[in-house]
Amino acid sequence: MNKKKILLVEDEKVLMETVTLRLEANGYEVISAYDGFKGLEKAKKEKPDLIILDLMLPKMDGYKVCGLLKADTRYNKIPIIMFTARAQESDKKMGKEMGADAYITKPFEPQALLEKISELLRNEK
Amino acid sequence: MKNKTKTKISKIKSMTDYKGLENKYKDPTYKYRFLSYLMNHIPDVIYFKDTEGRFVMVNQTHAKCQGLKPEDLIGKTDTDLFPKKRAEMITKDDLYVMKTGKPIIDKIESAVRGDGTYNYVSTTKVPMCDDKGKIIGLMGITRDITRRIRFEHLKEEKARMEKKLETLEELNKMKSEFVSAVSHELRTPLAIIKDVIMLLIDGIVGPIKEKQKDLLMKAKDNIARLNNIIDELLDISRIESGKIKMHYSLINFNDLLMDSSVFFKKLAEEKDIDLGYNLPRSQINIFIDAERINQVIANLINNAIKFTEQNGKIKVEVKIFETKVRVGIIDTGIGIAKQDLPKIFNKFVQLSTRFQAERKGIGLGLSIAKELVEKNGGEIWVESELGVGTKFYFTLPRFYTDKVLSKDIRDKINNLLEKNIPVYLINLLIVNYTEFKKRLNIEPRKLFEDLRAVIEETFKRFCYAGRKELQIVLQDYAGGELGILFSKIKEEEATKFCNLVKDRIKKYFTKNRLENVFINLGVLSYPSKFHAITTQQFLANVSIKKICIGSEIRHFSRIPYRIDIEILLPGNQIESSQTIDISEGGVCLMTKRKLATDAQIQTKLKLPKEKEPLCFRARVAWIKYIEEVSEIGADKYRLGLEFINLKNRDKKIISKFIKSISPSIHKSMGSFAR
């Protein structure tokens, strides 16, 4: 069976490291991008099975990346998890409007993140 | 008529005959008399001085101010009357006027009065000349303008205070924003620390020893604690800055409680506490912000677990009342000291006993809970005894959506609400359907088809250009309900539409020889407590109307009405009060005593026209603490009393009385439920 490919777009280097370690330990392949622009580029080039997208990103924020991907029929099937320190209702709403499939608030329970990922990947099939 | 006009004209003529008047008063003695009249009655100080500054003439007011007679002042100077400094200033002005020949007009000065108080005066000084133009003295008028100046000062003060308040509000806003920004910024590093620790704990980066894991778990617990504090700070800053928004949806309240019960039961079990839920059997749907109310419930249950010792008991109960749902979280914990009870819902509260044992958090939880409950249109209160236990109660308004709304409708409404589409739900409900069916000579299925057709036809006629389509969302032949959902229209349009539907349904029934059909159209109303903004928000998104067909009203209407009522308090004390409103199910009144929730008391209700007062038992359903307004007024509570075991005779008397005071209830627009 092929390893599922997850694109992680996150500008916090340590968080990038820890989440990558955890995802890899759980059998996923992780590709990373540190800003929104790179994230968008890699999403288009690598066509990951799932994207974890931070909201506050340099160059292009998560909303925009999410909106652009979801507006493109070639990529709109890729599930997106919004990943952020914001927990305000309005942000959640905006994330949903942009087409995000799930929303995980920092600090997060690693288990919750893993469950969300496998749930979205299952739906994908 | 003619005569009258004539006399009027002649009157005017005589009045305008000023030439005669002029002649009459030409005599110089008159002029003198007028002037002296003016001098002696004007409330201003008037004086004439010679070049030496000696008074040559003063008026009554001036003399009175000095406690003298006018003639006593002649020949005196200001040095004789005023302190040296003031006299010098006056002389300086006098000299200026007399030397330059220029007047001083409206010079405002403050001066000390004879009685020591300050006053403000406006002085005007004019030089006086003889026939040759040589200055021979001056004339002055001084007017007391203390009142005017004080008023101006007050106005300035007010403006200053307003500005200050504005600055304070601005500061408060900045503080809230600061707290919000800081808490927000704290989250990211906290998330990183947590994730690093979790990686270690989970052994993803290599095995760790049990002792190491233990320590890391402790670190993790404290991160959770820190995170809670940040959440609370964020919440309170959002509440304070008014940024918090409620997201109402229709919630099955039992489900909401059961969802979190597993988690809390586990938590209680760890401490050997018995956590039990006592929920009503009937389903109850209410309009609330589920996430926020969950937060309140979680806070109260967490507190209860925290402050209850091993083998203690915690009960979560839900009671349904006429207009409210009441939730109680009752524990057998350590309790709260009497002196702490009033401040328990304050921000950053430091309690003498309760929190000393285990002081976690920053004491914001309950004040957040209070804000959230109130934002949802409810009230929260506490009863406690040290060493015995604590009871927290809160209420939520009921909108009579119980039973009426099936999960199907709820989903549909929530679906529309989520998309920000305002909806209107008209619910047609046949009250006493079982009875009704017996009198019906058509198949229930057919009846509903007919009703549906009636509504659809009405709607078609009602809809002029471009109106959205109508959705029949519920057809319950067995239960006698029909729900119609459509996108929101203006309130008056909806009322019009409801009235039309009602009329047509009435016609339909009369046509089918079913008489005595009572159709009531009710608008759901909201507790007055509901914040204006909240109400607007709520109303902006969903409106519910109910049309009831049947022979009786199902729910009690509460009618604002004052009647004398006596309540018998423990220790045989009697408190007299007046009702605020009354219904067939109970009364609402003000009392000075804080009664316990669910306490049963004896009451006497003095209905007008009844010789004997009605005596009955009642139960305290809800309590609302009214903050002291007047200085002498003691604490006041608004009590909701529910009648229990009313005798049939009394029931009849009360219902007759209510009918007599509610003339509109059987007409079309009577408020159906509150």
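The paragraphs below set out a description of the structure included in this document. (Residues numbered from 1 in each chain as written. Chains lettered and ligands numbered in written order. Predicted model: local features only at pLDDT ≥ 70, side-chain atom pairs only at ≥ 80, totals over all residues. Heavy atoms only, no water.)

1. Thoughts on the overall build of chain B
Summing up its helical and strand segments, chain B has 19 helices and 24 strands in all. Relative to its 674 residues, chain B shows a buried fraction of 44%. The long-range share in chain B, meaning contacts at least 24 apart out of those at least 6 apart in sequence, stands at 63%. Of the accessible surface of chain B, which amounts to about 38500 Å², a share of 54% is contributed by carbon and sulfur atoms. (Helix = DSSP H or I, 4+ residues; strand = E, 2+ residues; numbered from the N terminus. Buried < 20%, exposed > 50% of the residue type's maximum accessible area, 1.4 Å probe, protein only. Contact = heavy atoms within 4.5 Å. Areas by Shrake-Rupley, 256 points an atom, 1.4 Å probe, with all protein chains shown as cover.)

2. With respect to the overall build of chain A
The helix and strand tally for chain A stands at five helices and five strands. Of the regular secondary structure in chain A, the N- to C-terminal order runs β-α-β-α-β-α-β-α-β-α. For chain A, the exposed area adds up to about 6200 Å²; of that, 48% sits on carbon and sulfur atoms.

3. Let's talk about a negative patch on the surface
A contiguous patch of negative charge, built from Glu162(B), Glu166(B), Glu169(B), Glu170(B) and Glu177(B), is present on the exposed surface. Turning to its location among the elements, Glu177(B) is positioned in helix H8 (residues 146–201). (Patch = residues over 30% accessible without salt bridge, like charges linked within 9 Å, V, L, I, M, F, W, Y side chains within 5 Å. Salt bridge = Lys/Arg side-chain N within 4 Å of Asp/Glu carboxyl O. Lys, Arg positive; Asp, Glu negative; His and termini not counted. Charge placed at Lys NZ, Arg CZ, Asp CG, Glu CD.)

4. Some remarks on the packing of helix H10 (residues 253–270) of chain B against helix H11 (residues 290–306) of chain B
Residue and element names in this part refer to chain B. For the pair H10 and H11, interaxial distance at closest approach is 11 Å and the crossing angle is 30°. One finds that H10 runs roughly parallel with respect to H11. The crossing of H10 and H11 is right-handed. Counted together, Phe253, Leu256, Leu257, Ser260, Phe264, Leu267 and Ala268 of H10 and Ala290, Ile293, Asn294, Ile297, Ala298, Ile301, Asn302 and Ile305 of H11 form the full contact between these two elements. The residue makeup of the contact of H10 with H11, split by class, is 12 nonpolar, three polar and no charged. (Axes fitted to C-alpha atoms, helices over the stretch in contact; angles between N-to-C directions. Parallel < 35°, antiparallel > 145°, perpendicular 65-115°, else oblique. Left-handed = near helix turned anticlockwise from the far one by under 90°. Nonpolar A, V, L, I, M, F, W, Y, C, P; charged D, E, K, R; others polar.)

5. Focus: unusual backbone geometry
Residue and element names in this part refer to chain B. The phi angle at Asp272 is positive, at roughly 55°, despite the residue not being glycine. Mapped onto the fold, Asp272 is located in the loop between H10 and strand E7 (274–278). A residue is classified by how much of its surface remains accessible, and Asp272, at 44% relative accessible area, is partly exposed. Positive phi is not limited to glycine here, since Asp598 has a value of about 75°. Overall, the relative accessible area of 21% leaves Asp598 in the partly exposed class.

6. Observations concerning the pattern of salt bridges
Residues and elements named next belong to chain A. Scanning the entire structure with this criterion turns up 28 salt bridges over all chains. The partner of Lys70 in a salt bridge is Asp101, and the shortest N-O contact between them spans 3.0 Å. In this pair, Lys70 sits in helix H3 (residues 62–70) while Asp101 sits in the loop between helix H4 (89–97) and strand E5 (102–105), placing the two residues 31 residues apart along the sequence. Taking relative accessible area as the criterion, Lys70 reaches 18% and is therefore assigned buried. Assessed through its relative accessible area of 38%, Asp101 is described here as partly exposed. The salt bridge involving Glu119 is made with Lys116; its shortest N-O contact spans 3.7 Å.

7. Examining the sheet that holds E5(A)
All names here are of chain A. Pairing is parallel in the open sheet, where five strands are placed in the order E2-E1-E3-E4-E5. The open sheet has two free edges, formed respectively by strand E2 (28–33) and E5, since each of these has just one partner strand. Going across the sheet, the axis of each strand differs from the next one's by a mean of 20°, ignoring polarity. Packed on one face of the sheet, helix H1 (residues 13–25) meets strand E1 (4–9), E2, strand E3 (50–54) and strand E4 (80–84) and runs near 160° to E2. (Pairing = 2+ DSSP bridges.)

8. Topic: the nonpolar core
Residues and elements named next belong to chain B. Phe253, Ile301, Ile329 and Phe394 are the most contacted members of the largest nonpolar core, which totals 45 residues. Considering each element in turn, this core owes the most residues, eight residues, to H11. The contacts of Ile301, once residues within four sequence positions are left out, are Phe264, Leu275, Tyr277, Val316 and Ile329. The next biggest cluster of nonpolar side chains, apart from the first, holds 34 residues, and it includes Ile559, Ile565, Leu605 and Leu639. (Core = buried A, V, L, I, M, F, W, Y, C linked by side-chain atoms within 4.5 Å.)

9. Regarding helix H2 (residues 36–46) of chain A
Residue and element names in this part refer to chain A. Residues of H2 that are buried: Gly36, Gly39, Leu40 and Ala43. Seen from one end, H2 has its buried residues packed into an arc of 95°, which puts them on one side. Turning to H2, the residues buried within the fold contact E1, E2, E3 and H3. Among the residues of H2, the N-terminal cap falls to Asp35, whose side-chain oxygen and the backbone nitrogen of Phe37 are separated by 2.9 Å. Phi turns positive one or two residues past the end of H2, at Lys47, with a value near 45°. (Arc of directions from axis to C-beta. Polar contact = N/O pair within 3.5 Å; in protein donor to acceptor, adjacent residues only side chain to side chain.)

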